[in-house]
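Breakdown of the fold
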Amino acid sequence: FPVAAGTIAFWTRTPKSSNLTEQGNTTWISFGTGWNPGFTISAYRCSAGGDGFLYFTQNRVQDGAWHHVAMAWDAEKAFVYSDGALFGSFDRKPKDISAYLETCRLVIGGSYSDGQAANAIMDDVTLFSRRLTEEEIRQIASSDSPLRATASTVSFARTGRSVFFRDEQEAV
């Protein structure tokens, strides 16, 4: 995971109805462990591995339509984007997580700290090892075609808890 500088970008849609047995979480992506400072992108708040954060509550991305969300960071600042436009930024104030980095979990579709699944459908989740510029994020958000991976693919292991949301007729 690119702790010093990076970008996470994805498409998300909050369904009008859900088959979750509990109220779903608002966290789309998180990286961390326990109560240590981690990385979180949620409909409530975004943080980038330190004391700084940005409230993301007025983003209007939970309206049932598809939206592009991205967070890009470097050593000093983090920037949050909604549908290709800068939503806001915050001073990062990063913490040294090297002592527990190997125990951190990357969770797509939920939070590393509370175990709840996100009440969202996600697509084209991407992780970059550098902070993308505002123009690069705008181009990704406005593109009609999916991104093409140039690096080798990554395999993910299934955890003990999996949630599958089926909202389309063709879902397998």
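Note that the structure is predicted; figures quoted are calculated from it, not measured. (Residues numbered from 1 in each chain as written. Predicted model: local features only at pLDDT ≥ 70, side-chain atom pairs only at ≥ 80, totals over all residues. Heavy atoms only, no water.)

Regarding unusual backbone geometry
- You will see that Lys93, though not glycine, has its phi angle at about 50°, which is positive.
- With respect to the secondary-structure elements, Lys93 resides in the loop between β8 (85–91) and β9 (105–108).
- Phi at Asp124 takes a positive value of approximately 50°, unusual for a residue other than glycine.
- Along the chain, Asp124 falls in strand β10 (residues 121–128). (Helix = DSSP H or I, 4+ residues; strand = E, 2+ residues; numbered from the N terminus.)

Re the environment of Thr40
- Structurally, the position occupied by Thr40 is in strand β3 (residues 39–42).
- Each C-alpha atom, one on Thr40 and one on Ile29, is 5.9 Å from the other, the two residues being eleven residues apart in sequence.
- Ignoring sequence-local partners within four residues, the contact set of Thr40 consists of Thr27, Ile29, Ser30, Arg45, Cys46, Ser47, Met71 and Tyr112. (Contact = heavy atoms within 4.5 Å.)

Quick look at helix α1 (residues 134–142)
- Looking only at α1, the buried set comprises Ile137, Ile140 and Ala141. Along the axis of α1, the buried residues cluster in a sector spanning 95°; they form a single face. (Buried < 20%, exposed > 50% of the residue type's maximum accessible area, 1.4 Å probe, protein only. Arc of directions from axis to C-beta.)

Some points on the sheet that holds β8
- Taken in spatial order, the five strands of this open sheet run β8-β7-β6-β1-β10, and their pairing is antiparallel. Of all the strands in the sheet, the pair left with one neighbour each is β8 and β10. Ignoring strand direction, the axes of neighbouring strands in this sheet form an average angle of 15°.
- Where strand β7 (residues 77–82) and β8 come together, six bridges link them in antiparallel fashion. What sits directly across from Lys77, in β8, is Asp91.
- Sheet contacts for α1: β1 (6–13), β6 (67–73), β7, β8 and β10; angle to β6, the most-contacted strand, approximately 155°. (Pairing = 2+ DSSP bridges. Axes fitted to C-alpha atoms, helices over the stretch in contact; angles between N-to-C directions.)

Re the nonpolar core
- Formed by 24 residues in total, the largest nonpolar core has its most connected members in Trp28, Ile41 and Met71.
- For this core, the secondary structure elements donating two or more residues are β1, β2 (27–32), β3, β4 (45–48), β6 and β7.
- In this structure, Met71 is in contact with Gly6, Thr7, Ile8, Phe39, Thr40, Ile41, Cys46, Ser47, Ala48, Phe79, Val80 and Phe90, ignoring residues within four places of it in sequence.
- One finds Ala9, Ala70, Phe79 and Tyr81 within the second-largest nonpolar core, a separate group that totals eight residues. (Core = buried A, V, L, I, M, F, W, Y, C linked by side-chain atoms within 4.5 Å.)

Thoughts on the sheet that holds β2
- Strand order in the open sheet made by the five strands is β5-β4-β3-β2-β9, with antiparallel pairing throughout. Two strands close off the open sheet at either side, each with one partner strand: β5 (53–55) and β9. Averaged over all pairs of adjacent strands, the angle between their axes in this sheet comes to 10°, without regard to strand direction.
- Pairing of β3 with β4, which is carried by three bridges, proceeds in the antiparallel orientation. Paired with Phe39 across the bridge in β4 is Ala48.

Regarding the side chain of Ser82
- Along the polypeptide, Ser82 turns up in strand β7.
- With residues near it in sequence (within four places) discarded, Ser82 still touches Phe56, Asn59, Val61, His68 and Phe87.

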